[in-house]
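Chain residues, written in single-letter form:
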Amino acid sequence: MSNWIDKFKKLVIPSHKKHILIADIDNLFEYEELGHAFESDGYTIQIAKTDLEGRLQFELFNRDTEKLLLVVPVSYYPLPDIEMQVHYQAIGLYQLFPNLDSKAIKGLSYNALCLLSKIKVYEKLGYEKTVHFLLENLYNIDFSTLISGNAKEKVLNALISVMLEKNGVNLQLKQFLSDFAKPYFPSLVEKSLNKANLIDFIQEQWDGFVNYGDSILNFKDSTLTKSIGFLFAFGYLQPIKVTDERYEDFYRPFKIGLYVDNQESNDNELVGLIEYLGQEVEVIEDVADQWFNIIQVLSKAKLKYLQTNNFQLKDNYSQIEDQVNERFQRFIENTYNSQFSLTGIRKPIVVSRILEHLKASPTKRKALIVIDGMNYWQWSLLGCALSSIGLEFSPNASLAFIPTITAWSRQAIFKGDKPDLEADNSKEKSLFYDFWMKNGLSSYQIDFKRIGVNDPFDISSIAEDIKILGMVCNDLDNIMHGAVLGDDQLKASTIQWIEKSKIVDIISELKRKGFHVFITSDHGNIEAYGLKNLTLKEKVGALGRSKRHLYFTNEILLNNFVEQNANVTIGKKGLSLYLKNKEAFTTENNKVITHGGSHIWEVIVPFISIDE
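Residues numbered from 1 in each chain as written. Predicted model: local features only at pLDDT ≥ 70, side-chain atom pairs only at ≥ 80, totals over all residues. Heavy atoms only, no water.

1. Concerning the nonpolar core
Among soluble globular proteins, nonpolar side chains are generally buried collectively. If you look at the biggest cluster of nonpolar residues, it comprises 159 residues, and the most contacted ones within it are Trp 4, Phe 8, Leu 108, Leu 116, Leu 135, Leu 510 and Ile 519. Top contributing element to this core by residue count: helix α17 (residues 288-307), with 11 residues. The residues touching Ile 519, leaving out its near neighbours within four places in the chain, are Ile 369, Ile 371, Met 374, Trp 379, Leu 386, Ile 507, Pro 606, Phe 607, Ile 608 and Ile 610. Judged by nonpolar contacts, the second largest core, of 21 residues, contains Tyr 433, Ile 468, Phe 518 and Phe 607. (Core = buried A, V, L, I, M, F, W, Y, C linked by side-chain atoms within 4.5 Å. Buried < 20%, exposed > 50% of the residue type's maximum accessible area, 1.4 Å probe, protein only. Helix = DSSP H or I, 4+ residues; strand = E, 2+ residues; numbered from the N terminus. Contact = heavy atoms within 4.5 Å.)

If you want it as structure tokens, here you go:
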């Protein structure tokens, strides 16, 4: 839990009274996490919009058996008869962040407040100094150097960082940035400083720079190089077609924003993406969100790798993919286990928190589609198909359970908790029902379906009473295990599956029926190469095994296997061993598509919310 929520609870939870009345000065209960923190302590939260409503809600509440937290208007003060029974407190950002100006920080994102709560502020700051403090500490903007040489490029770089790379801004920061940027970019500010207008402005300047050598920006300034690469890597900016001669004239980092023909465009973008990934792998931290961003770029690069005929470029991509995965394995070793304690209310970092996330969603009807074995670049193909018919979505990711096998990771999804390692996923339907019935739904409001090319979905089979729908599709996992020609075959089969399964139509139909649709996978997959076949002796004591993992009966047998295979890069978790890189326990040098290990393509799975 974040420090600011801990502090809030300490300030308002009384030691001698059962019920709480809170005048929420800065609308802090708009943060879902705050409400869930009190609910986990047994409080029922009610919000009154008027003084009269506050009085009525208090009188009607069953105060003998339940604990009430009533949020009342700031103008409200309880009459003596109520005051005797409650702890009343007016509370706002001032009490939580006493050295920062509460007007300046009001409206910041939940994540921003969590970061602020971890930063010590040793002196009281006024409004303007608080704004400078936020820019420097939340968005890494060095305000003191912002107005020095090449100020225009530095200001634009700051706008990109704040408006696009981070979690957005509150109105106060937006107004400050607008005022600050106006002398440099008056037309942008007059139009309104927002994400869409900023992207349009930079695209317009890039077009002018490439086609006519005319732009108010100096794109050659080193300040902009990384930011421009970021904008192209994530698809915010579109590359421009140029002649061979013009292409050769441009500084290499800019070539991600140029192309000569369609194949050349693919290869040029791949070159730029490889360079971008090379920069990021040097600085990326053990933070899940950073990895969830990089998997999107890696997926884009992977699809371009599968499309290119340039063997040198293919080799360059394979090298950077290996480097990214090598760094990812350090993230797994350092941070993975700690992710399971994080709440899934705002986002499910691990798949066992997905149901918690759905529970916190305010929508009345929710559908969770679990596509078995779909890795992130396969999701990118499905995402393109959804975009082509105008369906908008919010892409994110989650971490599969390691070892990445269906029996455990899918069990974790539908159980809403860590899996039982002695069980498989055969009871996932009952686990799904159990979770939601424990959280207040009746069985008639829950449904669970298996869908696929040979199990067509009929929307009319979903009753109007259904509030939560779980769906499983095993097609891609079956396709993956049969892809003997590797990722090239898997890509072609995935495209064909998208069409034959009618998955896009299914998602559209669910949306039309009022469902908020979420899409995820229990694990990804990896194109691996045979290391060796396991001997009968090595298989002894393995309760479960796949081409990339082994689960032993005891630690002695596990350690014996490790000692006998000292040359193999193996990860260990409990009584399980798993492969980290691109090897598989199968005939030497055989190419297989499989899963079970901790490679980045196996562990980071899509978690997608179809926009309402």
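2. Structural notes on the pairing of strand β13 (residues 542-545)
Summarising the sheet, β13 and strand β14 (residues 549-552) pair through 3 bridges and their orientation is antiparallel. By the bridge assignment, Ala 542 is partnered in β14 with Phe 552. The loop that links β13 with its antiparallel partner β14 comprises 3 residues. (Pairing = 2+ DSSP bridges.)

3. Considering the pattern of salt bridges
Across all of its chains, the model carries 24 salt bridges by this definition. Notably, a salt bridge pairs Asp 81 with Arg 55, separated by 2.6 Å at the nearest N-O pair. Of this pair, Asp 81 sits in helix α4 (residues 80-83) while Arg 55 sits in helix α3 (residues 51-60), and the two are 26 residues apart along the sequence. In this structure, Arg 327 engages Asp 286 in a salt bridge whose closest nitrogen and oxygen atoms are separated by 3.0 Å. Here Arg 327 is found in helix α18 (residues 311-335), whereas its partner Asp 286 is found in the loop between α16 (262-283) and α17, with 41 residues between them in sequence. Residue Arg 327 is classed as buried on the basis of its relative accessible area, which comes to 9%. Here the salt bridges share partners, and the residues they tie into one network are Lys 302, Glu 321, Asp 322, Asp 487 and Lys 582. (Salt bridge = Lys/Arg side-chain N within 4 Å of Asp/Glu carboxyl O.)

4. Quick look at empty space enclosed by the protein
According to the stated counting rule, one finds 2 cavities of 30 Å³ or more in the structure shown. Roughly 90 Å³ of volume is contained in the largest cavity. In terms of lining residues, the largest cavity is bounded by Thr 225, Lys 226, Gly 229, Pro 253, Ile 256, Gly 272, Glu 275, Tyr 276 and Gln 279. Going through the elements one at a time, α14 (222-233) and α16 are the ones with two or more residues in the lining of the largest cavity. In terms of residues, the lining of the largest cavity owes the most to one element, α16, which gives 4 residues. Grouping the amino acids of the lining of the largest cavity by side-chain chemistry returns 3 nonpolar, 4 polar and 2 charged. (1 Å grid on protein atoms, 1.4 Å probe; cavity = no way out; pocket = protein on both sides within 12 Å on 5 of 7 lines; lining within 4 Å. Points joined across faces, edges and corners; volume = space filled by probe spheres on them. Nonpolar A, V, L, I, M, F, W, Y, C, P; charged D, E, K, R; others polar.)

5. With respect to the side chain of Gln 411
Turning to its location among the elements, Gln 411 is positioned in helix α21 (residues 406-415). Take Gln 411: its relative accessible area is 3%, and that puts it in the buried class. Of the polar contacts made by the side chain of Gln 411, one reaches the backbone oxygen of Ala 407; its length is 3.1 Å. At 3.4 Å, the side chain of Gln 411 forms a polar contact with the backbone oxygen of Ala 423. (Polar contact = N/O pair within 3.5 Å; in protein donor to acceptor, adjacent residues only side chain to side chain.)

6. Focus: helix α20 (residues 376-388)
When the terminal C-alpha atoms of α20 are compared, their 18 Å separation across 13 residues agrees well with the 18 Å that a helix rising 1.5 Å per residue should span. For α20, the tally of buried residues reaches 10 of 13 residues, placing the bulk of the element in the interior. Regarding α20, the residues found buried are Tyr 376, Trp 377, Gln 378, Trp 379, Ser 380, Leu 381, Leu 382, Gly 383, Ala 385 and Leu 386. At the N-terminal end of α20, a side-chain oxygen is found 3.2 Å from the backbone nitrogen of Trp 377, two or three residues along, and the residue is Asn 375. One or two residues past the end of α20 sits Gly 390, with phi positive at roughly 90°. (Expected span 1.5 Å × (residues − 1).)

7. So, the sheet that holds strand β1 (residues 19-24)
Read across the open sheet, the 4 strands follow the order β2-β3-β1-β4; overall the sheet is parallel. Either end of the sheet is taken by a strand with one partner, and the two such strands are β2 (43-47) and β4 (86-91). Ignoring which end each strand starts from, the neighbouring axes of this sheet average 20° apart. Taken together, the 6 bridges between β1 and β4 define a ladder with parallel strand orientation. Opposite Ala 23, over in β4, you have Ala 90 as the bridge partner. Lying on the sheet, helix α2 (residues 32-39) is in contact with β2 and β3 (67-72); it crosses β2 at an angle near 140°. (Axes fitted to C-alpha atoms, helices over the stretch in contact; angles between N-to-C directions.)

8. Describing the packing of aromatic side chains
Using the criterion set out here, one finds 35 aromatic pairs in the structure. A ring pair is formed by Phe 209 and Phe 250, whose centres lie 5.9 Å apart and whose planes are at 80°; its orientation type is edge-to-face. Pair noted here: Phe 209 is in helix α13 (residues 195-212) and Phe 250 is in the loop between α15 (244-249) and β6 (258-259), with a separation of 41 residues, a long-range link. There is no split in this pair, since Phe 209 and Phe 250 are both buried. (Phe/Tyr/Trp six-rings, centres within 6.5 Å; stacked < 30°, edge-to-face > 60°.)

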